[in-house]
Amino acid sequence: MFESVIALIRDLYPAQTTIPLHEPRFQGREREYVLAAIDSTFVSSVGAFVDRLEAEVVRYTGTAQAVATVNGTAALHIALLLAGVQPGDEVITQPLTFVATANAIAYCGATPVFVDVDRRCAGLSPEALAAFLDQETRRQDGVLLNRSSGRRIAACLPVHTFGLPAAIERLVATCAEHGLPVVEDAAEALGSTWQGRHCGTFGLLGIYSLNGNKTITAGGGGIIVTSDPVLARQAKHLTTTAKRLHPYLYDHDALGYNYRMPNLNAALACAQLEQLEAFVAAKRTVAARYQAFFATSGLTFLEEPAGGRANCWLNSILLPDRAARDLFLAETHRAGILTRPAWRLLNELPMYRSCRHDGLANARWLADRLVNLPSSVPAGARP
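What counts, and where the lines are drawn
- What you see as residue numbers is a count from 1 along each chain, following the sequence as written.
- Given that the model is predicted, a residue must reach a pLDDT of at least 70 before its local features are reported, and side-chain atom pairs must reach 80 or more before they are shown or counted; all residues, however, enter totals for whole chains, interfaces and linings.
- Side-chain measures here rest on the full set of heavy atoms in the structure, leaving out hydrogens and waters.
- Put simply, DSSP H or I for four residues or longer makes a helix, DSSP E for two residues or longer makes a strand, and each gets a number counted from the N terminus.
- C-alpha atoms define the radius of gyration, and 2.2 Å times the number of residues to the power 0.38 defines the globule rule.
- In this scheme, a residue with accessible area under 20% of its type's maximum is buried, one over 50% is exposed, and one in between is partly exposed, where area comes from a 1.4 Å probe on protein chains only.
- Residues count as neighbours in contact if any of their non-hydrogen atoms are within 4.5 Å of one another.
- Positive charges come from Lys and Arg alone, negative charges from Asp and Glu alone, with His and the N- and C-terminal ends not counted.
- For this purpose, a charge sits on NZ of Lys, CZ of Arg, CG of Asp or CD of Glu.
- Definition used in this section: a nonpolar core is a set of buried Ala, Val, Leu, Ile, Met, Phe, Trp, Tyr and Cys residues joined via side-chain atoms within 4.5 Å.
- Two strands pair if DSSP finds at least two bridges between them.
- By definition here, a salt bridge exists when the distance from a side-chain nitrogen of Lys or Arg to a carboxyl oxygen of Asp or Glu is within 4 Å.
- Angles run from 0 to 180 degrees between N-to-C directions of axes, and those axes are lines fitted to C-alpha atoms, restricted for helices to the stretch in contact.

The number of helices and strands found in the chain is twelve helices and 16 strands. A compact globule built from 383 residues should have a C-alpha radius of gyration of about 21 Å, and the chain, at 21 Å, falls within 12% of that. If you line up the chain on its principal axes, its C-alpha atoms span 65 × 60 × 35 Å. Within the span of the chain, comprising 383 residues, buried residues form 55% of the whole. When contacts within the chain are restricted to residue pairs at least 6 apart in sequence, those whose partners lie at least 24 apart make up 70%. Seen as two clouds, the 35 positive and the 35 negative side-chain charges of the chain have centres 2 Å apart.

The structure is reproduced here in C-alpha cells:
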C-alpha cells in the first residue's frame, strides 16, 4: 500500500539494507580533534575543546553565553533550577515531547502541567497557553498560582518539536504578561531559526542536545545558552559540583552536579559544529524531496512555519488515523525502513498520569497520526 513512499526513501538513502531514523555523519575533523584531546591527556571535564565549543556555540547562535553539559537533560535540569523552579512548584510544558522534558521538571521537585500543542508545528500552542493562563491561574501577593492546585507556577517550558520552530515570540510575550520565565527546550533544534534568530535564544535560558541521534553530536552532550552572564556563571558553577576555585582545596559552597561535558566529547562536538550548516542544508534538501512527494500523495507533510527555518532534524507526516499510522509503521519496518511514531503523550505515562492538563485535543490528534521518516544527512552529502 505504501510502496511509493518506501521507494522514495530508498532512493534518498541508497545502498542501505536497513535505513535508520537518524544516524550521525562523521565527515570532517572528528578523528583529528578526538586524538588531539587524547594526546593532551585532558579527556574529562576540563580541557581546551570544552572552552572552544562554548565559544563556537556563542558565535554560531548569537547568544551571549554558553555552558557545555554532559547531556541535554542535565542542561534542562540546571536551566530550570536557574529559572527559579523549586520543590512544590508547577511548570507549564507540552505533552508531545521526549520524556526528558518532564523528567527535568521532576528532578527539581516540581510537577509538569501539560498544555496543548499546535497541530502545525507540534510545539506549545500560543492560544492554548494564553487560555490556560487567563482562565486557570490567579495572582496572589505577586505570585502566579494554579487555581486548581494552589501551587506556584514557576516557569514555562516550550519545545521546538522535531526541530520545527515553535511560535516562540508569542509564547515569550504571553509569559511576560504573566511574569513567567521561559526556558526553551531546543534540544532538537540546533540550527533552527525563527525570524532569523536562533531557536533557544528567546527565553531566559535555552538548551540544546548533542546526543548521538541529533543533527550534530558529541556522542552525549548538551548546551545551556543565556544572555545573562550571572546565570551563565551559576550554570558553570553548579555543573562542576559547585566547587570553588582553589589551587588544591576541595571547597564546595552549594549543592552541585557533576554535569560538565568531558573534553573528549567536546572535541567531537567541535568538529561536528564546523559542519552544522552543511548538514542542515543537506537535511533541508531531503525535506524538500519529501514535501514535493507528499504534496500529491494524499498524506500531509509537516512543513516549517512561515518565518521559520527548520533544521529538519526529523521529517514527519500525518496519516488519516491511528489504524493507517500503524499499518504504515508495520509496512515500512518490514521493508527495513525504521520509521517511528510520535512519543507516547507524557500525561499517559504512569509517573505523570496525575498531572493536570487542558484536555490536549491537538496533542491526542497528532499522536494518533504522526510518523517520523528517516531524516539522516545522506552519506557523503556535501552541499
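Having seen the model, we can carry on.
Grouped together as the largest cluster of nonpolar side chains are 49 residues, with contacts concentrated most on Tyr-290 and Ile-317. Listed by contribution, the elements that provide at least two residues to this core are α1 (3–12), α10 (276–294), β14 (315–318), α11 (322–334), α12 (361–369) and β16 (370–373). The element that contributes the greatest number of residues to this core is α1, accounting for five residues. Beyond its immediate chain neighbours, meaning those up to four positions away, Ile-317 contacts Phe-294, Leu-299, Thr-300, Phe-301, Phe-328, Arg-369, Leu-370, Val-371 and Leu-373. The next biggest cluster of nonpolar side chains, apart from the first, holds 31 residues, and it includes Cys-199, Ala-271, Leu-273 and Phe-279.

On to the pairing of strand β2 (residues 90–93), then. Residues of β2 alternate between two faces, with Glu-90 and Ile-92 on one and Val-91 and Thr-93 on the opposite face, all of them buried. Direction of pairing for β2 relative to strand β3 (residues 111–114): parallel, over a ladder of four bridges. By the bridge assignment for β3, Val-91 is matched with Pro-112. Bridge count for β2 against strand β6 (residues 153–157) is four bridges, and the pairing is parallel. Bridging from a neighbouring strand, Glu-90 pairs with Ile-153 of β6.

This part is about the pattern of salt bridges. What the rule picks out here adds up to 18 salt bridges. A salt bridge links Arg-120 to Asp-118; the nearest nitrogen and oxygen atoms lie 2.6 Å apart. Look at Asp-118 and you get buried, because its relative accessible area is 10%. A salt bridge links Arg-244 to Asp-253; its shortest N-O distance comes to 4.0 Å. For Arg-244, a relative accessible area of 44% corresponds to the partly exposed category. On the basis of relative accessible area, Asp-253 is assigned to the partly exposed category, the value being 45%.

A few words on the sheet that holds β16. Strands sit in the order β12-β14-β16-β15 across an open sheet of four strands; the sheet is antiparallel. Lying at the two open borders of the sheet, with one neighbouring strand each, are β12 (300–301) and β15 (340–341). Sheet analysis places β15 next to β16, joined by two bridges and oriented antiparallel. Counted as the bridge partner of Pro-341 is Val-371 from β16. In the packing of α11 onto the sheet, contacts are made with β14, β15 and β16, and the angle to β16 comes to roughly 25°. Strand contacts of α12: β14 and β16, with the helix running at about 55° to β16, the strand carrying the most contacts.

Here we come to unusual backbone geometry. At Thr-41, a position not held by glycine, the phi torsion is positive, near 70°. Of note, Asp-141 is a non-glycine position whose phi angle comes to about 55°, a positive value. Among the secondary structure elements, Asp-141 is positioned in the loop between β4 (137–140) and β5 (143–146).

Shape is all these values report; function is a separate question.
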